[in-house]
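# Descriptive structure summary
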Amino acid sequence: MECSIDSKPRWERRKDARPQELLAAAIDLFVERGFAATRLEDVARRAGVSKGTLYLYYTNKEELFKAVVRESIVPFIGEAEMSVAEFEGHSADLLRHVMLSWWSRIGQSKASGISKLILAEAGNFPELAKFYQEEVTRRGTRMISSMLERGVSRGEFRNVDIPQLTQVLIAPMMMLNTWKHCAVAPCDAHELQPLAFIDAFLDMALHGLLPRTAP
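Structural notes, computed from the coordinates. (Residues numbered from 1 in each chain as written. Predicted model: local features only at pLDDT ≥ 70, side-chain atom pairs only at ≥ 80, totals over all residues. Heavy atoms only, no water.)

## Quick word on the packing of aromatic side chains
Put simply, the rule reads: Aromatic contacts are taken between Phe, Tyr and Trp rings whose centres are within 6.5 Å, Trp giving its six-membered ring; a plane angle under 30 degrees counts as stacked, one over 60 as edge-to-face, and the others as tilted. Only protein chains enter the area calculation, which uses a 1.4 Å probe; residues under 20% of their type maximum are buried, those over 50% are exposed, and those in between are partly exposed.
Across all of its chains, the model carries 6 aromatic pairs by this definition. A ring pair is formed by Trp 102 and Trp 103, whose centres lie 5.9 Å apart and whose planes are at 50°; its orientation type is tilted. What makes Trp 103 buried here is its relative accessible area of 8%. Through pairs of rings, three or more aromatic residues link up here, namely Phe 30, Phe 35, Phe 65 and Phe 125.

Structure representation (structure tokens):
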């Protein structure tokens, strides 16, 4: 007696979807539970595949985590780097574009919880922290610094301490991520409006960056 298509296990019917489904399940669980508490069998179960099938794609949990980061965060950094290289307008508009694109692509997605995971578990998993530092933190920092360098060289921003101001620009965005994924935020959840927060932050930052006009 032949089996109908519907009677086959899900992982036999969706071969092309396996990697994406595994990554989607993994990021959900990593953000919900943290790295240490996430088990590969739970990722496989949520993705609708067997644990053996998961091992066909990822040899261990560390490799799965790296794949999640490379799929969900690293491509945005590449796009932002391209924007910096190709943008023709004012550097203030470029900064606004990159910040709002970050929120649209990363801040509103599950990927926004990865940075909090790294902060919380870096001490127990130094190799993962090193990986994230190399592929995300350092590259993202260089990208933001390049926007400031662009603005200064074009006379659109005043001469500032670029390494320090880069960190000043990063910190509020990191805090916004942390607030979003904290059970108890430092402010009323109804008062935290991410787009309004970013707009207020950019207004403050840009008024500090733009050249001072003569009295």
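## What to know about the side chain of Arg 150
Let me state the cut-off plainly: Think of it this way: any DSSP run of H or I at least four residues long counts as a helix, any run of E at least two long counts as a strand, and we number them from the N terminus. In what follows, residue pairs with any heavy atoms lying within 4.5 Å of each other are defined as contacts.
Secondary-structure assignment places Arg 150 in helix H9 (residues 126–153). Here Arg 150 falls in the buried class, since its relative accessible area comes to 11%. Leave out the neighbours within four places in its chain, and Arg 150 touches Val 84, Phe 87, Glu 88, Gly 89, His 90, Ser 91, Leu 94 and Glu 156.

## Thoughts on helix H5 (residues 61–72)
Rules: Helix span is expected to be 1.5 Å times the residue number reduced by one. Polar contacts here mean pairs of N or O atoms no more than 3.5 Å apart (in protein, one a potential hydrogen donor and the other a potential acceptor; neighbouring residues in sequence count only if both atoms are side-chain atoms).
End to end, H5 covers 16 Å across 12 residues, agreeing with the expected 16 Å (1.5 Å per residue, within 8%). Turning to H5, its buried residues are Lys 61, Leu 64, Phe 65, Ala 67, Val 68, Val 69 and Ser 72. Against helix H2 (18–33), helix H3 (40–47), helix H6 (74–86), helix H7 (91–107), helix H8 (114–121) and H9 lie the buried residues of H5. Its side-chain oxygen at 3.1 Å from the backbone nitrogen of Glu 62, Asn 60 defines the N-terminal cap of H5.

## Some details on the pattern of salt bridges
Where we set the bar: In what follows, salt bridge is the name for a side-chain nitrogen of Lys or Arg lying within 4 Å of a carboxyl oxygen of Asp or Glu.
In the structure shown here, the tally under the stated rule is 14 salt bridges. In this structure, Lys 51 and Glu 41 form a salt bridge, with 3.3 Å as the shortest nitrogen-oxygen distance. A residue pair is termed long-range when its members are at least 10 positions apart, and Lys 51 in helix H4 (residues 51–57) and Glu 41 in helix H3 qualify at 10 residues. Note on Lys 51: relative accessible area 35%, which makes it partly exposed. For Glu 41, a relative accessible area of 25% puts it in the partly exposed group.

## Here's the deal with the packing of H7 against helix H10 (residues 162–180)
Under the convention used in this document: To get an axis, a line is fitted to the C-alpha atoms, and for a helix only the part in contact is used. The angle between two axes follows their N-to-C directions and goes from 0 to 180 degrees. Note on angle classes: values under 35 degrees are labelled roughly parallel, values over 145 roughly antiparallel, values of 65 to 115 roughly perpendicular, and the remainder oblique. A clockwise turn of the near helix away from the far one marks a right-handed crossing, whereas an anticlockwise turn of less than a right angle marks a left-handed crossing. Only Asp, Glu, Lys and Arg are considered charged, only Ala, Val, Leu, Ile, Met, Phe, Trp, Tyr, Cys and Pro nonpolar, and every remaining residue, Gly among them, polar.
Two elements in contact, H7 and H10, have axes whose closest approach is 13 Å; the angle formed by their N-to-C orientations is 20°. Classified by the angle their axes make, H7 and H10 are roughly parallel. With respect to the hand of their crossing, H7 and H10 are arranged in right-handed fashion. Contact with H7, carried on its side by Leu 95, Met 99, Trp 102, Trp 103 and Gly 107, involves Leu 169, Met 173, Leu 176, Asn 177 and Lys 180 of H10 and no other residues of that element. Here the contact of H7 with H10 is composed, by residue class, of 7 nonpolar, 2 polar and 1 charged.

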